[in-house]
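Report on the structure
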Amino acid sequence: MVVAFFASTILAVVALRFIPVFFTPLMFIRCIEQKDEGKSLKLKHDWVSLDEMSPSMPVAVMASEDQRFLKHHGFDFNAIEKAAVHNFGSKKKRGASTISQQTAKNVFLWPGRSWLRKGLEAYFTTLVELMWSKQRIMEVYLNSIEMGDGIYGVEAVAQENFGCSAKELTRANCALIAATLPNPRKFSSKNPSEYMVKRKYSIMKQMKFIPIMPAEGQDIDPSTVDGGIYKH
């Protein structure tokens, strides 16, 4: 059973390095929740490649969710330490999940906070960092993450909330989408609250310090990750 587990999970990660992720466990869970609540089923998801997205979209989510994404290897230990110190003395908890961890959770696991799920998340995060490029991790993340009620991925949210394709999203649109990600079922990029507008502008300021995502196959220059103001 142990050999079968490792063989099957490694094979799945290798396969999804090349195959689009059309469905995730969370999508099915949300559909079941909608049915149980007597709601109409809503699942909007359209896979697009990274080069079919606005170049500002990866920049926005890095600025908002994981500013060291291009530098770390799946786990941001600096962020983990800071979150632990903050959470020790505060009722409002702060997370430290990287984009790699969120991708592993979205694609291979279920929502939850159990130690088993956290352990599996660490395992799958390690696998995707070893077997996928940073570009592929970002591509899968931006295609699979929940971006609204029944909305998954940047192409679906672009069409549903902005009436355009993912490629046509503006820098401000991308920042607003990123602003909703802590709780996309509560916060809306279609009808943003005053709080969301403030978060959007804050993220746009941070985007100035985040480099454009390099193309697949192009080396990531570590010297560009932590410094300078970038024009995009």
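Above this text sits the structure in question.
Residues numbered from 1 in each chain as written. Predicted model: local features only at pLDDT ≥ 70, side-chain atom pairs only at ≥ 80, totals over all residues. Heavy atoms only, no water.

1. Thoughts on the layout of surface pockets
- Roughly 240 Å³ of volume is contained in the second largest pocket.
- Forming the walls of the second largest pocket are 16 residues, and the residues nearest its centre are L50, D51, M213, P214 and A215.
- For the lining of the second largest pocket, the residue count by class is eight nonpolar, three polar and five charged. (1 Å grid on protein atoms, 1.4 Å probe; cavity = no way out; pocket = protein on both sides within 12 Å on 5 of 7 lines; lining within 4 Å. Points joined across faces, edges and corners; volume = space filled by probe spheres on them. Nonpolar A, V, L, I, M, F, W, Y, C, P; charged D, E, K, R; others polar.)

2. Considering the packing of helix α1 (residues 2-15) against helix α6 (residues 115-131)
- Where α1 contacts α6, the two axes come as close as 10 Å, and the packing angle between them is 50 degrees. As judged from the angle between their axes, α1 and α6 are oblique. Crossing angle aside, the handedness with which α1 passes α6 is right-handed. Together, F5, F6, T9, I10, V13 and V14 of α1 and L120, Y123, F124, L127, V128 and M131 of α6 make up the contact between the two elements.
- Here the residues of the contact of α1 with α6 sort into eleven nonpolar, one polar and no charged. (Axes fitted to C-alpha atoms, helices over the stretch in contact; angles between N-to-C directions. Helix = DSSP H or I, 4+ residues; strand = E, 2+ residues; numbered from the N terminus. Parallel < 35°, antiparallel > 145°, perpendicular 65-115°, else oblique. Left-handed = near helix turned anticlockwise from the far one by under 90°. Contact = heavy atoms within 4.5 Å.)

3. Thoughts on the packing of helix α5 (residues 99-108) against helix α7 (residues 134-144)
- Viewed as axis vectors pointing N to C, α5 and α7 meet at an angle of 55 degrees, and their least axial separation amounts to 9 Å. With respect to their mutual orientation, α5 and α7 come out oblique. For the pair α5 and α7, the sense of crossing is left-handed. Between α5, through I99, S100, Q102, T103, N106 and V107, and α7, the contact on the second element is made entirely by K134, I137, M138, V140, Y141 and S144.
- Considered class by class, the residues forming the contact of α5 with α7 number six nonpolar, five polar and one charged.

4. A few points about a nonpolar patch on the surface
- A cluster of nonpolar side chains, contributed by V2, F5, F6, I10, V14, F18 and I19, occupies part of the molecular surface with about 630 Å² of accessible area.
- Secondary-structure assignment places F18 in the loop between α1 and α2 (25-36). (Patch = residues over 30% accessible without salt bridge, like charges linked within 9 Å, V, L, I, M, F, W, Y side chains within 5 Å. Areas by Shrake-Rupley, 256 points an atom, 1.4 Å probe, with all protein chains shown as cover. Salt bridge = Lys/Arg side-chain N within 4 Å of Asp/Glu carboxyl O.)

5. Let's talk about the sheet that holds strand β2 (residues 146-148)
- Taken in spatial order, the three strands of this open sheet run β1-β3-β2, and their pairing is mixed. Two strands in the sheet have a free side with no partner beyond their single neighbour: β1 (44-45) and β2.
- Here β1 runs beside strand β3 (residues 151-152); their pairing, made up of two bridges, is parallel. Along β3, the bridge assignment pairs K44 with I151. (Pairing = 2+ DSSP bridges.)

6. Structural notes on the nonpolar core
- Within the largest apolar cluster, 55 residues are counted, with the highest numbers of intra-cluster contacts made by M57, V61, F108, M138, L142, M147 and V154.
- Those elements giving two or more residues to this core turn out to be α3 (56-65), α5, α6, α7, α8 (154-162), α9 (171-180) and α10 (194-207).
- Ignoring any residue separated from it by four or fewer positions in sequence, one finds M138 in contact with L50, P58, V61, M62, F69, I99 and M213. (Core = buried A, V, L, I, M, F, W, Y, C linked by side-chain atoms within 4.5 Å. Buried < 20%, exposed > 50% of the residue type's maximum accessible area, 1.4 Å probe, protein only.)

7. Looking at the packing of aromatic side chains
- A complete count under the given rule lists eight aromatic pairs for this structure.
- Residues F108 and F124 carry aromatic rings whose centres are separated by 4.6 Å and whose planes lie at 5 degrees to one another, so their mutual orientation is stacked. With a gap of 16 residues between them, F108 in helix α5 and F124 in helix α6 connect regions that are remote in the sequence.
- For F108, a relative accessible area of 17% puts it in the buried group.
- In this structure F124 comes out as buried when scored by relative accessible area, which is 6%.
- Ring-pair connections join several aromatic residues into one group, and the members of that group are F5, F6, F108, Y123, F124 and W132.
- Over the face of the ring belonging to F69 we find K134, whose NZ or CZ atom lies 4.4 Å from the ring centre. (Phe/Tyr/Trp six-rings, centres within 6.5 Å; stacked < 30°, edge-to-face > 60°. Lys NZ or Arg CZ within 6 Å of the ring centre and 35° of its normal.)

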